[in-house]
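# Understanding the architecture of this molecule
Residues per chain are reported as follows:
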Amino acid sequence: LLFLSLFLSSHLFAQNEVIYLWSGGITPYSACVNAKLTYPSTTVRLVVATTPIFTAPLFSNFFTVDTNTNMMVAMNISGLQPGTQYYYAVESNNIFDSSPDDIGTFTTPEAGPFSYSFVLGSCCNNSNHGVYDAMGYQDPLFYINMGDLHYGNPNSGTDINVHRLCYEQLVLSKPRAAKFLKKT
């Protein structure tokens, strides 16, 4: 009982480390960020700001992360401004994860017509390849994956973790892919 008590209290006050994060579903006024965390929590939220030091941040509603979702959470935020670069991070249990590796960026598109660039790719058998750096240097507004983000070939009609594991082990845990995806 003492061990369980110490284990639970250490998780209540420890930083809930971000393992992976990436953005998507970005509109002129909203965005979605997905993240995998270390520990369960009912008080996870997205923090966005127009500066990398998060002055005057905006906060999403609270979300729950638990073992049912393999510690993954999808957080939506609205009230953003069109054509604006935002920095994003995760707060859990009132602790803001401000480590540089756990901060991403996205840019909201303009509300009307505008010029932009994007990159696309497929047939990825090495998610730590320099092509991720090369795509990032293009400063794209977004990335389109046309197929085969990995070649894990999972096969299960009933266990989502079989599919999730390939994304985590073959893409999201690779430094170059992770860096690119959290900034594009």
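## Things to note about the overall build of the chain
A count of helices and strands for the chain gives four helices and eleven strands. What you see for the chain is a C-alpha radius of gyration of 17 Å, in line with the 16 Å of a compact globule of 184 residues. Structurally, the chain occupies a C-alpha span of about 60 × 45 × 30 Å along its principal axes. When the 184 residues of the chain are sorted by exposure, 38% land in the buried category. Restricting the contact set of the chain to residue pairs at least 6 apart, pairs at least 24 apart contribute 62%. If you sum the accessible surface of the chain, you get close to 10,300 Å²; carbon and sulfur atoms cover 57% of it. Side-chain charges of the chain comprise 8 positive and 12 negative groups, with the mean position of each set lying 4 Å from the other.

## Considerations on the packing of aromatic side chains
Evaluated as defined, the whole model comprises nine aromatic pairs. A centroid spacing of 6.5 Å and a plane angle of 40° characterise the contact between Tyr116 and Phe118, whose relative ring orientation is tilted. The class of Tyr116 is partly exposed, set by a relative accessible area of 46%. Over the ring of Phe59 we find Arg45, and its NZ or CZ is 4.0 Å from the ring centre.

Rules used in this analysis
Residues numbered from 1 in each chain as written. Predicted model: local features only at pLDDT ≥ 70, side-chain atom pairs only at ≥ 80, totals over all residues. Heavy atoms only, no water. Helix = DSSP H or I, 4+ residues; strand = E, 2+ residues; numbered from the N terminus. Rg over C-alpha atoms; globule rule 2.2 N^0.38 Å. Buried < 20%, exposed > 50% of the residue type's maximum accessible area, 1.4 Å probe, protein only. Contact = heavy atoms within 4.5 Å. Areas by Shrake-Rupley, 256 points an atom, 1.4 Å probe, with all protein chains shown as cover. Lys, Arg positive; Asp, Glu negative; His and termini not counted. Charge placed at Lys NZ, Arg CZ, Asp CG, Glu CD. Phe/Tyr/Trp six-rings, centres within 6.5 Å; stacked < 30°, edge-to-face > 60°. Lys NZ or Arg CZ within 6 Å of the ring centre and 35° of its normal.

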